[in-house]
Amino acid sequence: MGIREIKIRQLESIKGGMVEFFTLQTSNETIWAQIAPNTIDDLFVHKSQTDQLLVVKGQVVLVTLINKKYQYIPLSEDYPMVVTIPPGVLHGAINLSSQSCLVVNAVLRHRPPQQRDYITCRRPFPYDLSAATLALKQLKAAKKKELSQGTLN
């Protein structure tokens, strides 16, 4: 993975009877975060950790800023994906839903945590909320298409 490369992958599962088992991410620390409804978060950047994010309840749009351009990554409990954010990447979250979103972060520590890793940064320019909404709609459409084709886990 490149120094500033975001990695997105669908979480694989194994079914055993009526239970579906998902493999957790290797980590140094696991953090459970709740993103309040109707939240538009500022950006922050970690210098000493890699985030590995998975939505376990609700939905959210993860926003990253690379090369002065926002990327909108939709995440939902209905389509389990892990997003890996390496150190040095500005990122934030948008929860346009009226429900809280719960996220598990399987943190990889590269050195001891630093206070400045958790200080928010102002957005250099506004988010495009229509792009964030569109990203969620596209995720739902992709899931619906996979369900109709019988290819979704």
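Residues numbered from 1 in each chain as written. Predicted model: local features only at pLDDT ≥ 70, side-chain atom pairs only at ≥ 80, totals over all residues. Heavy atoms only, no water.

With that out of the way, let us pick up a positive patch on the surface. Taken together, the side chains of R4, K47, R111 and R116 present a region of like positive charge at the surface. Structurally, the position occupied by R111 is in the loop between strand 11 (101–109) and helix 1 (129–149). Given the relative accessible area of 39%, R111 is considered partly exposed. (Patch = residues over 30% accessible without salt bridge, like charges linked within 9 Å, V, L, I, M, F, W, Y side chains within 5 Å. Areas by Shrake-Rupley, 256 points an atom, 1.4 Å probe, with all protein chains shown as cover. Salt bridge = Lys/Arg side-chain N within 4 Å of Asp/Glu carboxyl O. Lys, Arg positive; Asp, Glu negative; His and termini not counted. Charge placed at Lys NZ, Arg CZ, Asp CG, Glu CD. Helix = DSSP H or I, 4+ residues; strand = E, 2+ residues; numbered from the N terminus. Buried < 20%, exposed > 50% of the residue type's maximum accessible area, 1.4 Å probe, protein only.)

Now for the pattern of salt bridges. Two side chains with opposite charge may pair up if their charged atoms get near one another. In the structure shown here, the tally under the stated rule is two salt bridges. Residue E29 pairs with R109 through a salt bridge whose shortest N-O separation is 2.4 Å. Within this pair, whereas E29 is found in strand 4 (residues 29–35), its partner R109 is found in strand 11, the two being separated by 80 residues in sequence. With a relative accessible area of 32%, E29 lands in the partly exposed category. A salt bridge links D42 to R123; its shortest N-O distance comes to 3.1 Å. You can see D42 sitting in the loop between strand 5 (39–40) and strand 6 (49–57) and its partner R123 sitting in the loop between strand 11 and helix 1, a full 81 residues away along the chain.

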